[in-house]
Amino acid sequence: MNCEICEQIKNKKGVLYQDKNITAMLAPKPTAAGHVYIVPKKHVTILEQIPDKIIGEMFAKANKISMACFESLGVQGTNLLIQNGLPAGQHHNHCILHVIPRRENDGLNLAWQPKQINEEEMSTAEIKIKENTSQVGVFEKEKQKPIKIKEPEEIKDKEKEEDYRLKERIP
Amino acid sequence: MEGITPEQLAQIQQQCIFCQIASGKVASKKIYEDEKVVAVLDINPANPGHLLVITKKHYFVMPQMPDDEVEHVGKIAKQLSQVLLKALKLEGTTVFIANGVAAGQKAQHFMMHIIPRKEGDEVGIQVQPKQISETDYDKIYQALSQGIKKNLGDITGLEKKSEEKTEEKESKEKISEEETEEKEIEDAEIVKEDAEESKPKIVIDERKKKEKKKTEKKEKEKKKKNKDKEGASLDDIAKVLGA
Ligand SMILES: [Zn+2]
Ligand SMILES: [Zn+2]
């Protein structure tokens, strides 16, 4: 497999952070100073192929790194960006969540012009989208955590507490 | 949000159009809602189906949000992107968040854009790579490392080696399993052909046809599997990127 991102995860060049599922690295060819890639450690091409838990973690880490950009680089803004698929400008075959530090008048072109879309087209899009949202908010189940067995001490204490309350209530 | 009294917050929420949209006091084309966020169609869309995901609580920027809400926003981004791909038969989506005016933020309320993308749609949003000198790279690396340590703790490279090895082994085992299966099918077909005792040339042609059919069938099955599982043709989207 030929993947520059996987390669960089392996050789650790520019790696700023990593844990079990995620790596954050300085972009080798940044669009702005401090441009960071947050990527799943496991090779995944498209956003939708990333497990729910991991995409959630990626956003949380991206937010922390965004804070670090404000604090350590003294920038005035940050963008979080996913270019998902070729028409969206995705360059690597490894899905990337970009954190891009922004400075006033930095000349970056990360904005868009609104399109004139008629009411009918809007409604069509609305209907089509709504037909497909039944599973949104239903997340992949994580492995169950081992159930914490209560120490006998704790139970005793609770019982005592209940007894105590019971006594209070009984005249 | 530090230094803001509850009264001030109430006032901000009353004046914030996105708080009003989130609470339903201002009408919108709502696509999705849960306890943390609402997703609506953007009234100034970059493309038809352009979605805004808005938090129900008023945050000006993402760094003010607690982790659980940020994680939720990430999961919703994935799912709504998938919905758009399927519903509008797209080849891609752009997920975009701006923190601060310098980043292009226009509203006073946190939001995430999910923009449907098609080839040649002229949306813009270009991440132009720039060359950076080694010294600048190192300087930025040092500065950012400090900030990240402060915000995320020093956990670079602490992952357990043993875990990685097991994962690798598992995937290798899977591959070899698939290979054996394929070989078994092939062997079975050769036996069948021998039994038929056809003329050699025809056998070859037949075999070629069979092989072609087999690969076609396999691909179809693969596609179907993916469609069942993922909805949109993620495989195709991934394929054009050379996955
Ligand atoms: Zn990769
Ligand atoms: Zn608001």
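Up top is the structure.
Residues numbered from 1 in each chain as written. Chains lettered and ligands numbered in written order. Predicted model: local features only at pLDDT ≥ 70, side-chain atom pairs only at ≥ 80, totals over all residues. Heavy atoms only, no water.

Q: Quick question: what am I supposed to make of the coordination of the zinc ion (ligand 2) here?
A: Ideal coordination angles are 109.5 degrees for a metal with four donors arranged tetrahedrally and 90 or 180 degrees for a metal with six donors arranged octahedrally. Residues and elements named next belong to chain B. Coordination of the zinc ion (ligand 2) by the protein is provided by Cys16 (SG), Cys19 (SG), His58 (ND1) and His109 (ND1), with metal-donor distances spanning 2.0 to 2.3 Å. Mapping the donors of the zinc ion (ligand 2) onto the primary sequence gives the spacing C-x2-C-x38-H-x50-H. On the criterion of sequence distance, the pair formed by Cys16 in the loop between helix H1 (6-15) and helix H2 (17-23) and His58 in the loop between strand E3 (51-55) and helix H3 (67-87) is long-range, its members being 42 residues apart. The same class applies to Cys16 and to His58, which are both buried. (Donors = N, O, S within 2.8 Å, 3.2 Å for Na, K, Ca; no water. Helix = DSSP H or I, 4+ residues; strand = E, 2+ residues; numbered from the N terminus. Buried < 20%, exposed > 50% of the residue type's maximum accessible area, 1.4 Å probe, protein only.)

Q: Can you walk me through the interface of chain A and chain B in this structure?
A: For an interface, size is often stated in terms of accessible area lost upon the parts coming together. If you look at the interface, chain A gives 93 residues, while chain B gives 93 residues. For the chain A and chain B pair, buried surface summed over both sides reaches about 8,000 Å², with 63% attributable to carbon and sulfur atoms. Interface area lost by chain A to chain B is led by A:Glu48, A:Pro87 and A:Trp112, which between them contribute 10%. The tally of links from chain A across to chain B stands at 5 salt bridges. Salt-bridge contacts for A:Lys64 lead to B:Asp67; the nearest nitrogen and oxygen are separated by 2.6 Å. Our count for the contact surface shared by chain A and chain B stands at 32 residue pairs in polar contact (both at pLDDT 80 or more). If you list the elements that add at least two residues to the side of chain A that touches chain B, you get strand E1 (15-18), helix H2 (52-73), strand E4 (77-84), strand E5 (97-102) and helix H3 (119-130) of chain A. (Contact = heavy atoms within 4.5 Å. Buried area = accessible area lost by both parts, 1.4 Å probe. Salt bridge = Lys/Arg side-chain N within 4 Å of Asp/Glu carboxyl O. Polar contact = N/O pair within 3.5 Å; in protein donor to acceptor, adjacent residues only side chain to side chain.)

Q: Even after reading the chapter, I still don't get the packing of H2(A) against H3(B), so can you show me in this structure?
A: Relative placement of two packed helices is described by the angle separating their axes and the distance separating the axes. At a minimum axis separation of 7 Å, H2(A) and H3(B) run at an interaxial angle of 125°. Considering their axes alone, H2(A) and H3(B) lie oblique with respect to each other. Like other packed secondary-structure pairs, H2(A) and H3(B) cross with a definite hand, here right-handed. For the pair formed by H2(A) and H3(B), the contact residues are A:Asp52, A:Lys53, A:Ile55, A:Gly56, A:Glu57, A:Phe59, A:Ala60, A:Asn63 and A:Lys64 on the first element and B:Asp67, B:Val70, B:Glu71, B:Val73, B:Gly74, B:Lys75, B:Ala77, B:Lys78 and B:Gln79 on the second. Of the residues that constitute the contact of H2(A) with H3(B), the class distribution is 6 nonpolar, 4 polar and 8 charged. (Axes fitted to C-alpha atoms, helices over the stretch in contact; angles between N-to-C directions. Parallel < 35°, antiparallel > 145°, perpendicular 65-115°, else oblique. Left-handed = near helix turned anticlockwise from the far one by under 90°. Nonpolar A, V, L, I, M, F, W, Y, C, P; charged D, E, K, R; others polar.)

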